[in-house]
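Summary of structural features
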Amino acid sequence: MSTQTIAGTPVDVDGEGFLEDSRQWNEGVAAEVARANGVEHLTDRHWQVVKYMRSTFLETGAAPTIRTLGKASGVPIKELYQLFPKGPAKLAAKIGGIPKPRGCI
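All of the points below concern the structure found in this document. Given the structure is predicted, the values throughout are model-derived calculations rather than measurements. (Residues numbered from 1 in each chain as written. Predicted model: local features only at pLDDT ≥ 70, side-chain atom pairs only at ≥ 80, totals over all residues. Heavy atoms only, no water.)

Tracing the chain through its elements places Gln-24 in the loop between strand 2 (9–13) and helix 1 (27–36). Engagement of the side chain of Gln-24 in a polar contact is seen with the backbone nitrogen of Asp-12, the distance being 2.8 Å. Setting aside residues up to four positions removed in sequence, Gln-24 forms contacts with Thr-9, Pro-10, Val-11, Asp-12, Leu-19 and Val-29. (Helix = DSSP H or I, 4+ residues; strand = E, 2+ residues; numbered from the N terminus. Polar contact = N/O pair within 3.5 Å; in protein donor to acceptor, adjacent residues only side chain to side chain. Contact = heavy atoms within 4.5 Å.)

Shown next, in the form of structure tokens:
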């Protein structure tokens, strides 16, 4: 674990850049993490997915799988790959300040 300053906020991250403490997240952190991972601008559809990922994690303690994400977030899987080209569940989790979903490489 290391501490980085993202969008002016000191946050604890793991070796892959995922926040260790989801309470350190804010929308400024999300926007900067997105830019650093090739998503220049977070649209309403991006936020829909990111907020779904966060709420699911905060309610259940686990991030949804890509399959669940495509069914329950309101954004079809094909569109998820357009919005988050480096792997939708993994990238949306990173932007959302939650741990990497189980099963993601």
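Judged by which residues are buried, strand 2 turns out to be one-sided: Thr-9, Val-11 and Val-13 face inward and are buried, whereas Pro-10 and Asp-12, on the alternate face, are not. As judged from the five bridges shared by strand 1 (residues 2–6) and strand 2, these two strands associate in the antiparallel manner. Its bridge partner lying in strand 2, Thr-3 is registered against Asp-12. What sits between the antiparallel neighbours strand 1 and strand 2 is a turn of two residues, in which Ala-7 has the positive phi angle 55°. (Buried < 20%, exposed > 50% of the residue type's maximum accessible area, 1.4 Å probe, protein only. Pairing = 2+ DSSP bridges.)

Turning our attention to the environment of Phe-84. By the element assignment, Phe-84 lies in the loop between helix 4 (77–83) and helix 5 (88–95). Under the relative-accessibility criterion, Phe-84 is labelled buried at 0%. When the C-alpha atoms of Phe-84 and Asn-37 are compared, they prove to be 9.2 Å apart, with 47 residues separating the residues in sequence. Look past the residues within four positions of Phe-84 in its chain and what remains in contact with it is His-46, Val-49, Val-50, Leu-91, Ala-92 and Ile-95.

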